[in-house]
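Spelled out, the chains give:
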Amino acid sequence: MSRALYYLRFSRNMSLWSMKKDPDLESALSRNRRWIVNNQIKNIILRCPNQVASVKLLQKKFKTLDLQGKALNWLKKYPCCFDVYLENDELYCQLTKRMMFLVEEEESVKDMQEGVYVERLAKLLMLSVNQRLSVLKLNVLRRNFGLPDDYIIRIIPKFPELFRVVNYSGRRSSMEIELLSWNPKLAISAIETSSERQGMVPSYSCSLPSSWVKSWERFHEFNSTPYISPYSDTGGLVEGSKEMDKRTVGLVHEILSLTLWKKISIIKLGHFKREFCLPEKLNGLLLKHPVVKDKFGELMQEGLHEYNRRHYFQNLEKNRKKGIIPVKPEKRIEKISEMTEQNDQGGDLGGILDPEERKRFYRVLFDDTCP
């Protein structure tokens, strides 16, 4: 490779990573990550005997949660979510009563959503190439789609006219769920439903920061071409064409619309490249609402607020005894809040104690009116 060509490729790669970051978007992503981590901790605790986990166990899980530091410090920041106590010289953690109430509420919602599970699973199978999906692969993403852990024995036997479990190769790892009946009423994407409701031609909306000028230009150019339903036949489409790209984007958007959080790991979605006829490189990010995510988030924030205030007054008392003149309380609390947020995420996330800031954050992150 010539040196000139090397520098050309290097500069192109650098231009992708040097795009100016939007502070509001970065803040929302960082705060959303804390919810994801605490939800994972919640699931770990629920799977433990008597729904009690030792802090040592959670410490071992920290690496898989992509966290550093002491698990005890993290848990103490959310006293409304996690109850830490000492027993026989060992620390244990369980969910608080308020968290258990949310867990029970979530389970009751799942019981009432059987029809939603059936429709969602049917649409996923309709999006696949052969109307079949691997059980092993689907199990990895079942919670993303809101499917209960026992969806195979809870749903499949109840609807034999729609689904069946097949194994054409004979290997245990090759079990698949197959769709038996195509429903035209379900073959309507979220984009088409939203556009029809608004009396518009099917098209995408976008919430990119206004500073991303080139990205907006590419988006408008892409959006000007006709929409192609992900449920349509791809027989007449040419690989690499604009039409195929349009259909692929529609497919990814529809898959995301079927998830609870309107987002999914690109790596996990990449496991379905063959089933959904996806390209090698895939990018996408959507943030929206789940069932009880906003309540869980508020509970986290409330506990973090209490932790910050308690920590502030403890330091204030220590400084008073040392004869150190304290700064104004409101400024000190704000500073402690910022430091706590930075420890959680490694960056400045703004003042979480500001009620308007918190309302704005939850409105953007959990607004279910966005297409």
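Structure: above.
Trainee: Would you mind going over the nonpolar core with me for this structure?
Mentor: Across soluble globular proteins, you tend to see nonpolar side chains buried next to one another. Within the largest apolar cluster, 34 residues are counted, with the highest numbers of intra-cluster contacts made by Phe145, Phe163, Ile177 and Phe276. Among the elements that take part in this core, helix 6 (residues 114-127) stands out by supplying 8 residues, more than any other. Here isoleucine 177 is in contact with Leu125, Gln131, Arg132, Leu133, Val135, Leu138, Tyr151, Ile156, Phe163 and Arg164, once residues within four sequence places are set aside. Core analysis: the second largest hydrophobic core is formed by 22 residues, Phe62, Leu65, Cys81 and Val103 among them.

Trainee: I would appreciate a short explanation of the sheet that holds strand 3 (residues 90-95) in the present structure.
Mentor: Judged by pairing direction, the sheet is antiparallel, and its 3 strands sit side by side in the order 1-3-2 without closing on themselves. Each having just a single partner strand, strand 1 (52-54) and strand 2 (82-87) make up the two edges of the open sheet. Sheet twist, expressed as the mean angle between neighbouring strand axes with direction ignored, is 30°. Examined bridge by bridge, strand 2 and strand 3 share 6 bridges and lie antiparallel to one another. By the bridge assignment, tyrosine 85 is partnered in strand 3 with tyrosine 92.

Trainee: Please explain the state of the cysteines as it appears in this structure.
Mentor: With the rule as written, the count across this model stands at 0 disulfides. Sulfur of cysteine 48: no disulfide; nearest cysteine sulfur belongs to cysteine 93 and is 9.5 Å away. Exposure remark for cysteine 48: the relative accessible area of 12% places this residue in the buried category.

Cut-offs and rules
Residues numbered from 1 in each chain as written. Predicted model: local features only at pLDDT ≥ 70, side-chain atom pairs only at ≥ 80, totals over all residues. Heavy atoms only, no water. Core = buried A, V, L, I, M, F, W, Y, C linked by side-chain atoms within 4.5 Å. Buried < 20%, exposed > 50% of the residue type's maximum accessible area, 1.4 Å probe, protein only. Helix = DSSP H or I, 4+ residues; strand = E, 2+ residues; numbered from the N terminus. Contact = heavy atoms within 4.5 Å. Pairing = 2+ DSSP bridges. Axes fitted to C-alpha atoms, helices over the stretch in contact; angles between N-to-C directions. Disulfide = S-S within 2.5 Å.

Everything listed is a geometric property; what it means functionally is a separate question.
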